[in-house]
Amino acid sequence: MRNKINRVLGSFLVVLLVLMVLSVLWQIFSRYLMNSPSSFTEELARYLFIWIGILGAAYASGQQTHLAIDILPPKLNPTNRIRLRIFINILIILFSLTVLVIGGGNLVYVNDLLGQSSAALGVPLSWVYSIVPVSGLLVIYYKVHEIIHSKTYLV
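Residues numbered from 1 in each chain as written. Predicted model: local features only at pLDDT ≥ 70, side-chain atom pairs only at ≥ 80, totals over all residues. Heavy atoms only, no water.

(A) Representation of the nonpolar core within the structure. Counting residues in hydrophobic clusters, the biggest one holds 16 residues, and the most contacted among them are Leu-9, Leu-16, Met-20, Leu-55 and Leu-138. At the level of elements, helix H1 (2-33), helix H2 (41-63) and helix H5 (131-148) are the ones that each hand at least two residues to this core. Those residues within four positions of Met-20 in sequence are excluded, and the remaining contacts are Ala-45, Leu-48, Phe-49 and Ile-52. (Core = buried A, V, L, I, M, F, W, Y, C linked by side-chain atoms within 4.5 Å. Buried < 20%, exposed > 50% of the residue type's maximum accessible area, 1.4 Å probe, protein only. Helix = DSSP H or I, 4+ residues; strand = E, 2+ residues; numbered from the N terminus. Contact = heavy atoms within 4.5 Å.)

(B) Representation of H1. Between its first and last C-alpha atoms H1 spans 46 Å; for 32 residues at 1.5 Å apiece the expected length is 46 Å, and the two agree. For H1, the full list of buried residues reads Arg-2, Ile-5, Asn-6, Leu-9, Gly-10, Leu-13, Leu-16, Met-20, Ser-23, Gln-27 and Ser-30. Where the residues of H1 are buried, they touch H2 and H5. (Expected span 1.5 Å × (residues − 1).)

(C) Spatial organisation of the packing of helix H3 (residues 78-114) against H5. At a minimum axis distance of 8 Å, the contact between H3 and H5 shows a crossing angle of 160°. With respect to H5, the element H3 is oriented roughly antiparallel. Once H3 is placed against H5, the crossing between them reads as left-handed. Its residues assigned to classes, the contact of H3 with H5 comprises 15 nonpolar, 5 polar and 3 charged. (Axes fitted to C-alpha atoms, helices over the stretch in contact; angles between N-to-C directions. Parallel < 35°, antiparallel > 145°, perpendicular 65-115°, else oblique. Left-handed = near helix turned anticlockwise from the far one by under 90°. Nonpolar A, V, L, I, M, F, W, Y, C, P; charged D, E, K, R; others polar.)

(D) Summary view of the pattern of salt bridges. For the structure shown, the criterion picks out 3 salt bridges. We note a salt bridge from Arg-46 to Glu-42, for which the minimum N-O separation is 3.7 Å. Here Arg-46 pairs with Glu-42, and both are found in helix H2, just 4 residues apart, close to one helical turn. Arg-46 gets classed as partly exposed once you look at its relative accessible area, which sits at 41%. The salt bridge involving Lys-143 is made with Glu-146; its shortest N-O contact spans 3.1 Å. Of the two residues, Lys-143 and Glu-146 both sit in helix H5, 3 residues apart, roughly one turn of that helix. Classification of Glu-146 as buried rests on a relative accessible area of 2%. Salt bridges linked by common partners bring Arg-85, Lys-143 and Glu-146 together as one network. (Salt bridge = Lys/Arg side-chain N within 4 Å of Asp/Glu carboxyl O.)

(E) Inspection of the environment of Lys-151 at higher detail. The residue Lys-151 is located in the segment after H5 in this model. C-alpha of Lys-151 to C-alpha of Ser-126: the two residues are 25 residues apart in sequence and 40 Å apart in space.

(F) Looking closely at the packing of aromatic side chains. The tally for this structure, following the rule as stated, stands at 3 aromatic pairs. For the pair Phe-12 and Trp-51, a centre-to-centre distance of 6.3 Å together with 55° between the ring planes defines the contact as tilted. Taken together, the residues span a long stretch of sequence, with Phe-12 in helix H1 and Trp-51 in helix H2 at a distance of 39 residues. Residue Phe-12 is classed as partly exposed on the basis of its relative accessible area, which comes to 36%. Consider the rings of Trp-26 and Phe-29, whose centres lie 5.4 Å apart with planes at 35°: the pair is tilted. Taken together, the residues Trp-26 and Phe-29, both in helix H1 and 3 residues apart, mark about one turn of the helix. What makes Trp-26 partly exposed here is its relative accessible area of 39%. (Phe/Tyr/Trp six-rings, centres within 6.5 Å; stacked < 30°, edge-to-face > 60°.)

Structure representation (structure tokens):
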């Protein structure tokens, strides 16, 4: 299941990146060669960048390629390394739950309640911000999986 999520998420991130590059290239083409800048490409690129950044953080968390300070774990024995990793993962789960899932869910709810939409695309902002709780759920999934299989993930 985890490998399938990794493949789908990685492929989705690639598609988002390609769309963002095409959007920026179209903006450059329309602005400098056609002297008529496109009205939606800047906003589209901005929202794609938000999605890539937030989903990319969840993907990096699942791949364990996120930034970490590696001073203490090498000095610990394997059992204490596993305990430290589990403790850190519990803290990450609590952060993801409170900030990304609950806080992001509230952000989506408020934007949906207010009916706010983007200026150029007319897309509801609740759709744009919906990636925050989704990313939080992905981080939680990856970290729970890592805790369950903690003996195979030695620091």
